[in-house]
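# Examination of the molecular architecture
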Amino acid sequence: MKTLKLLTASLLISSLLLSLAACSSGKGSDNTTTGSEKKTPSSASTEVNSDYDIEKVDNITVGLGTSEDDVKAQLPSTVNVIMSGTSNETSQTLFTDSFDSEDSFNQNWSVTGPEGILSFENGAITTTQKVNYFRAYLNEQDWMKTGTEEYANYVIKAVVKGHEETPSNNFGIIFRTTNVLQTGPDGYNGIYVGIGDPSGQVCIGCAQNNWTQIYTYPIGYVAEQDYTIEVVVWNDKFAVVLDGETIYEGSCTQNGISYTNGTVGIRTFEQLFSCSEFSVRTLEASDYERFEGGYTYVEAHPVEWSCTDYDPNTKGRYGFIGRVTDLENAAIRVIVQVKDI
């Protein structure tokens, strides 16, 4: 009897194993990938090591059945590599105003705000009313690059001072500014650097018909004291210099909006202030020292593309690695999505 029970148990186990094998290998199995969504291939998540920074190349989408050669034909033959170097640039003046002449001011500047808000005396312009919007900005000039896709690079310098012991808001300069409206304190598209506020600080922000605060820096504000604000604007970067000291370095892209080019000027929000000097110039070699990493430039280099696991007949995401052929260890990855189109 004991032998019979063991034999029965053995037969049951064997039957169960055969049943499981049939379930895992039968027609109900879903192991086929051709023409269906494939799990993300390893190439799409492969780490790419590079000794160089390379400007981003947009990912692409191709149709099912696109050959690897046809994919490569859609990828660029060169990439922009960011190179380090030394600048020998010298600065040139683009604009300057010492506010000695109201007539000259009216020829070069446009103003948003109430009539008669400015007075001209002692080589300065002064706001005579506390209003919730005032902007004076330079009229169109070629170096502003307005209406193009080019960066407007320049250095702005303004000497300003406030007339209130404890300002409730601030005053300062705007740059890369477009679409200046006759409405409200934020009726323009651009970046702003100002001085004041109840706590006595530098206020950095941007406007797009609404306000975004970027950064503040405490300074211990003093009324009737001249402050020299400089802003070095270079490609997608800008650096703020207060009385010769760099206090901030940041990006000209904020909230997904790239402030690429435009005019420059001065602005106040409900504060009485004066501006006694305003100038714009090109960058010189020492200006690049305001930025971490110093002077860099973009240079096009040839690139060759490859992918370790590309399958034109399988939908999914694949990583194509572009290796710069004339530099050692310079590479970038682009994601190629294969799908039904």
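First, a word on what this report is: a plain description of the structure on this page.

Glancing now at the overall build of the protein. Scanning the protein from N- to C-terminus turns up 3 helices and 23 strands. Sequence-distant contacts in the protein: of pairs separated by 6 or more residues, those separated by 24 or more amount to 67%. Summed over all atoms, the accessible surface of the protein reaches about 17,800 Å², with 46% contributed by carbon and sulfur.

Two strands in a sheet stick together by hydrogen bonds in their backbones, pointing the same way (parallel) or opposite ways (antiparallel). Strands sit in the order E1-E3-E21-E22-E23-E2 across an open sheet of 6 strands; the sheet is mixed. A single partner strand is all that each edge strand has here, and the edge strands are strand E1 (53-54) and strand E2 (60-63). Across 4 bridges, the pairing between strand E21 (residues 296-306) and strand E22 (residues 316-324) is antiparallel. Residue pairing across strands places glutamate 304 opposite arginine 323, the latter belonging to E22.

For the structure on display, the rule yields 8 salt bridges. Between lysine 56 and aspartate 58 there is a salt bridge, with the nearest N and O atoms lying 3.5 Å from each other. Relative accessible area serves as the criterion here: at 56%, aspartate 58 is assigned to the exposed category.

As a further point, take the environment of glutamine 254. Examined against the element boundaries, glutamine 254 turns out to sit in strand E17 (residues 253-254). As a C-alpha pair, glutamine 254 and isoleucine 191 span 63 residues in sequence and 9.4 Å in three-dimensional space. Contacts of glutamine 254, omitting those with residues within four sequence positions, involve Cys206, Ile214 and Tyr259. Among the polar contacts listed, one links the side chain of glutamine 254 to the backbone oxygen of serine 251, at a separation of 3.0 Å.

What follows concerns the sheet that holds strand E11 (residues 189-196). Read across the open sheet, the 7 strands follow the order E5-E8-E19-E10-E11-E12-E13; overall the sheet is antiparallel. What marks the edges here is a single partner per strand, and that holds for strand E5 (109-112) and strand E13 (211-218). Averaged over all pairs of adjacent strands, the angle between strand axes in this sheet comes to 20°, irrespective of strand direction. As judged from the 8 bridges shared by E11 and strand E12 (residues 201-208), these two strands associate in the antiparallel manner. Along E12, the bridge assignment pairs valine 193 with isoleucine 204.

Attention shifts here to the layout of surface pockets. For the largest pocket, the calculated volume is near 430 Å³. Elements supplying a minimum of two residues to the lining of the largest pocket: strand E3 (78-84) and E21. Considering each element in turn, the lining of the largest pocket owes the most residues, 3 residues, to E21. For the lining of the largest pocket, a count of residues per class yields 7 nonpolar, 5 polar and 6 charged.

The tendency in soluble globular proteins is for nonpolar side chains to be buried side by side. Formed by 46 residues in total, the largest nonpolar core has its most connected members in Phe175 and Phe278. Val81, Cys307, Ile332 and Val334 belong to the second largest nonpolar core, which has 22 residues in total.

A separate point is the environment of glutamate 230. Mapped onto the fold, glutamate 230 is located in strand E14 (residues 227-234). Sequence separation between glutamate 230 and glutamate 245 is 15 residues, and the spatial gap between their C-alpha atoms is 9.4 Å. Ignoring sequence-local partners within four residues, the contact set of glutamate 230 consists of Val155, Ile156, Lys157, Ala239, Val240, Val241 and Arg281.

Rules of the game
Residues numbered from 1 in each chain as written. Predicted model: local features only at pLDDT ≥ 70, side-chain atom pairs only at ≥ 80, totals over all residues. Heavy atoms only, no water. Helix = DSSP H or I, 4+ residues; strand = E, 2+ residues; numbered from the N terminus. Contact = heavy atoms within 4.5 Å. Areas by Shrake-Rupley, 256 points an atom, 1.4 Å probe, with all protein chains shown as cover. Pairing = 2+ DSSP bridges. Salt bridge = Lys/Arg side-chain N within 4 Å of Asp/Glu carboxyl O. Buried < 20%, exposed > 50% of the residue type's maximum accessible area, 1.4 Å probe, protein only. Polar contact = N/O pair within 3.5 Å; in protein donor to acceptor, adjacent residues only side chain to side chain. Axes fitted to C-alpha atoms, helices over the stretch in contact; angles between N-to-C directions. 1 Å grid on protein atoms, 1.4 Å probe; cavity = no way out; pocket = protein on both sides within 12 Å on 5 of 7 lines; lining within 4 Å. Points joined across faces, edges and corners; volume = space filled by probe spheres on them. Nonpolar A, V, L, I, M, F, W, Y, C, P; charged D, E, K, R; others polar. Core = buried A, V, L, I, M, F, W, Y, C linked by side-chain atoms within 4.5 Å.

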